[in-house]
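Descriptive structure summary
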Amino acid sequence: QVQLVESGGGLVQPGGSLRLSCAASESISSIRVIWYRQAPGKQREFVATITSTGSTNYADSVKGRFTASRDNAKNTVYLQMNNLKPEDTAVYYCKDDWFGSWGQGTQVTVSL
């Protein structure tokens, strides 16, 4: 079992940037981590995946704007979010793909 804590969300204007962190309670060096988001009134949707070796995949809606990365020495994965749009507004979650643990999420609001 691993516990995950997301942080880094906040209020940002369109075109701005945020860097989300997903801190794990133990080593996740061998574990794939997946980012999801859930906007008000919508289903939870896939955002990005980062494998144990750092390979990434992204939803089409964020491709070219978001970058997932990881620092295994810090037991942390990141989601760099650039050129944010109002439609990116959501609660962002990370999930490890071994234990299936979820963090409690971090709110991202993109608005003037």
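Right, let's walk through the structure included here. A quick note: this is a predicted structure, and the numbers were derived from the prediction, not measured. (Residues numbered from 1 in each chain as written. Predicted model: local features only at pLDDT ≥ 70, side-chain atom pairs only at ≥ 80, totals over all residues. Heavy atoms only, no water.)

1. Regarding the pairing of strand E1 (residues 4–7)
In E1, alternate side chains face the same way, and those of Leu 4 and Glu 6 are buried while those of Val 5 and Ser 7 on the opposite face are not. Bridge analysis of E1 against strand E3 (residues 18–24) gives four bridges, and the strand direction is antiparallel. Along E3, the bridge assignment pairs Glu 6 with Cys 22. (Buried < 20%, exposed > 50% of the residue type's maximum accessible area, 1.4 Å probe, protein only. Helix = DSSP H or I, 4+ residues; strand = E, 2+ residues; numbered from the N terminus. Pairing = 2+ DSSP bridges.)

2. Focus: the state of the cysteines
Within the structure shown, the criterion is met by one disulfide. Disulfide pairing is shown between Cys 22 and Cys 94; the S-S distance is 2.0 Å. Taking the torsion about the sulfur-sulfur bond, which here is approximately 80°, the covalent link between Cys 22 and Cys 94 counts as right-handed. Taken as a pair, Cys 22 in strand E3 and Cys 94 in strand E9 (residues 90–96) lie far apart in primary sequence, 72 residues in all. Looking at Cys 94, the relative accessible area reads 0%, which means it is buried. (Disulfide = S-S within 2.5 Å.)

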